[in-house]
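# Close look at the chain arrangement
Each chain is listed here by its residues.
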Amino acid sequence: MTAIPILLYHCISDDPPEWIRPFSVTPETFRRQLDLVVETGATVRRVSDHVAAMAGPEPSRDPAVLITFDDGMADFATAALPALEDAGLPATLYVTTGFLDDASPRPAAGRPEGPWLDSRSVADLPAHGIEIGAHSQTHPHLDTLSAARARDEVGRPKAILEEILGAPVQSFAYPHGYSSRSIRARVRECGYTSACAVKNALSHPKDDRFALARLTVTAETSLAQVEEWLRGREAPIATSNEHVRTRAWRAYRRGRAVVRRQPGSDWA
Ligand SMILES: [Zn+2]
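Every buried residue of helix α6 (residues 181-189) is listed here: I183, R184, R186 and V187. All buried residues of α6 fall inside an arc of 155 degrees around its axis, so they share one side. Of the residues in α6, the exposed ones pointing more than 90 degrees away from the buried face are R181 and E189. Taken together, the buried residues of α6 touch α5 (147-165), β8 (171-173) and β9 (194-199). Just beyond α6, the residue with positive phi is G191, at close to 100 degrees.

Structure (structure tokens):
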């Protein structure tokens, strides 16, 4: 089956805040990684365009690569976007609305150190080929929340971003990459047409469009590793059935949900 690499970035910076440092890539390295993407000759799509291309009886067979960003740090506009534009590549940015610099009435309690994008810079991004998706209001582990809180964390950012953009927001990314059957149902009910998970696996044309597999690019990811991913190698292909170990891990994690997590310890 055709492997579809969906890359996940968080921060493109030479001097990131400490908490996100393990998930940060320098602008120079990011540009080299984009050069590798261009060299594949694959079609690079925004997530919603990709889901549309895979829908229907005859899904696109073109080799495809997707570039995604989570959280909404300010370096997206100052470092990632210029590199993407120079390479002529589109991308999808998932914004945690409670972390926006001008979040109303104030940014979410516990927001990690920024700088963060504000709504004006987010509104400007679609004109530069960027799809804006939602990444919750306060970046919780959604599968550990009450149904009412989970619904708010999924639905509110969509409304806030649609107000900012004056356009529909169609895609969601699960904070920390985790979801559950009921959370995925909530995402569908709220009117999203796709959602990204993490899984650190290659996606494929029949991947679950409400739990698309992504590959996290970290500070430690070598260019050779990125090249292997882009060739559809060196990573498992996501399966539709969850691996037993993943389930066991999730049950363990739920049990520990009351323990306060250190920012950065399992960020995604
Ligand atoms: Zn995140």
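So, next bit.
Moving on, we come to the side chain of E131. If you trace the backbone, E131 turns up in strand β7 (residues 130-134). Looking at E131, its side chain comes within polar contact range of the side chain of S48, at 2.5 Å. In contact with E131, other than residues within four places in its own chain, are R46, V47, S48, A91, T92, L93, Q170 and S171.

With respect to the element layout, P16 can be found in the loop between β2 (11-12) and β3 (24-25). Linking P16 and G114, residues 98 residues apart in sequence, is a C-alpha distance of 8.7 Å.

Moving on, we get to the confidence of the model for the chain. When pLDDT is averaged along the chain, the result is 90; 88% of the residues meet or exceed 70. Residue range residues 242-249 is modelled with pLDDT below 50. Its contacts to residues more than four positions away, or to other chains, number 3 contacts. When the criterion is pLDDT under 50, residues 251-265 qualifies, and its contacts beyond four places in sequence or with other chains add up to 14 contacts.

Conventions adopted
Residues numbered from 1 in each chain as written. Predicted model: local features only at pLDDT ≥ 70, side-chain atom pairs only at ≥ 80, totals over all residues. Heavy atoms only, no water. Buried < 20%, exposed > 50% of the residue type's maximum accessible area, 1.4 Å probe, protein only. Helix = DSSP H or I, 4+ residues; strand = E, 2+ residues; numbered from the N terminus. Arc of directions from axis to C-beta. Contact = heavy atoms within 4.5 Å. Polar contact = N/O pair within 3.5 Å; in protein donor to acceptor, adjacent residues only side chain to side chain. pLDDT = per-residue confidence, 0-100.

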